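So you can see what is in the structure, the chains are spelled out below.
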Amino acid sequence: RMTSNGLFQTSGYYSMLFESGLDYLTISVDSLDQSTADIVRCGTDVEKLKVLLKETLSKHASKMNINIVVGKSNHPSIEQVLRYISSVLPNDQELKVKISTYGDWGSDAECLNLAELGTLSEELVAWRIKFPNLSFRTSFNQRITEWYECDWSWNSFAIHPDGILIPCTNSM
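Residues numbered from 1 in each chain as written. Predicted model: local features only at pLDDT ≥ 70, side-chain atom pairs only at ≥ 80, totals over all residues. Heavy atoms only, no water.

Some details on the sheet that holds strand E3 (residues 64-70)
- Strands sit in the order E1-E2-E3-E4-E5 across an open sheet of 5 strands; the sheet is parallel. Among the strands making up the open sheet, the edge pair consists of strand E1 (2-4) and strand E5 (134-139). Each adjacent strand pair in this sheet contributes to an overall mean axis angle of 25 degrees, direction not counted.
- Here E1 pairs with strand E2 (residues 25-28) via 3 bridges, running parallel. Residue pairing in the sheet places Thr 3 in a bridge with Thr 26 of E2. (Pairing = 2+ DSSP bridges. Helix = DSSP H or I, 4+ residues; strand = E, 2+ residues; numbered from the N terminus. Axes fitted to C-alpha atoms, helices over the stretch in contact; angles between N-to-C directions.)

Regarding helix H3 (residues 46-60)
- For H3, with 15 residues, the first-to-last C-alpha span of 20 Å sits near the 21 Å given by 1.5 Å per residue.
- Turning to H3, its buried residues number three or more, namely Val 46, Leu 49, Leu 52, Leu 53, Thr 56, Leu 57 and His 60. One side of H3 holds all its buried residues, which, seen down the axis, span an arc of 115 degrees. Those residues of H3 that are exposed and angled more than 90 degrees off the buried face are Glu 47 and Lys 59.
- The inward-facing, buried residues of H3 contact helix H1 (11-19), E2, helix H2 (34-40), E3, helix H4 (78-88) and strand E4 (95-101). (Expected span 1.5 Å × (residues − 1). Buried < 20%, exposed > 50% of the residue type's maximum accessible area, 1.4 Å probe, protein only. Arc of directions from axis to C-beta. Contact = heavy atoms within 4.5 Å.)

Brief notes about H4
- Among all positions in H4, only Ile 78, Val 81, Leu 82, Tyr 84, Ile 85, Ser 86 and Val 88 are buried.
- If you follow the buried residues of H4, they end up packed against H3, E3, E4, helix H5 (114-130) and E5.

Description of the side chain of His 60
- Mapped onto the elements, His 60 comes out in helix H3.
- The contacts of His 60, once residues within four sequence positions are left out, are Ser 15 and Phe 18.

A short note on the pattern of salt bridges
- Taken as a whole and assessed by the stated rule, the structure comprises 5 salt bridges.
- Notably, a salt bridge pairs Lys 72 with Glu 116, separated by 2.7 Å at the nearest N-O pair. You can see Lys 72 sitting in the loop between E3 and H4 and its partner Glu 116 sitting in helix H5, a full 44 residues away along the chain.
- Under the relative-accessibility criterion, Lys 72 is labelled partly exposed at 32%. (Salt bridge = Lys/Arg side-chain N within 4 Å of Asp/Glu carboxyl O.)

A word on the packing of aromatic side chains
- Summed over the entire model, instances satisfying the criterion amount to 1 aromatic pair.
- Where Tyr 13 meets Tyr 14, the ring centres are 5.3 Å apart and the plane angle is 80 degrees; that geometry is what we call edge-to-face.
- For Tyr 14, a relative accessible area of 1% corresponds to the buried category. (Phe/Tyr/Trp six-rings, centres within 6.5 Å; stacked < 30°, edge-to-face > 60°.)

Some thoughts on the environment of Asp 45
- Relative to the helices and strands, Asp 45 is located in the loop between H2 and H3.
- Look at Asp 45 and you get partly exposed, because its relative accessible area is 40%.
- Each C-alpha atom of the pair Asp 45 and Asp 33 lies 9.7 Å from the other, and the pair is 12 residues apart in sequence.
- A polar atom in the side chain of Asp 45 sits 3.2 Å from the backbone nitrogen of Glu 47. (Polar contact = N/O pair within 3.5 Å; in protein donor to acceptor, adjacent residues only side chain to side chain.)

Written out as structure tokens, the structure reads:
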């Protein structure tokens, strides 16, 4: 299993990993609107990401899912992401999409408030109908105000493309 934001690789790279034994790939997508992506994940080339998603999903959708972390900045653009992903899936292919809310270690600047969480919940009901080829899983995180020892490191560890081991940032 592997999780990637897809920013540093091509679909050919992921195809090579699947051929070499990778069993599952999660691509994290924050937004497919360039101005929003510039805010939430600096360095995202939205057009390149869209090509990567289209090419990789067309070949390997059955071994993939999408992870979307929703915060104040990208909440308005989530339906655009879902619409694009739904449109590029091969016919009769279902894709798992995990939608979780942003949780930060001590700052709530990007965290959704209760009213926004309510709106997101209502949107999820509508999206389940609007995008029948997407299977949604949700996780609404709470703001963390203290440091805790991580007890869930994505069930694996993360390695940055530069080779740096990234510790767990789960908000429990």
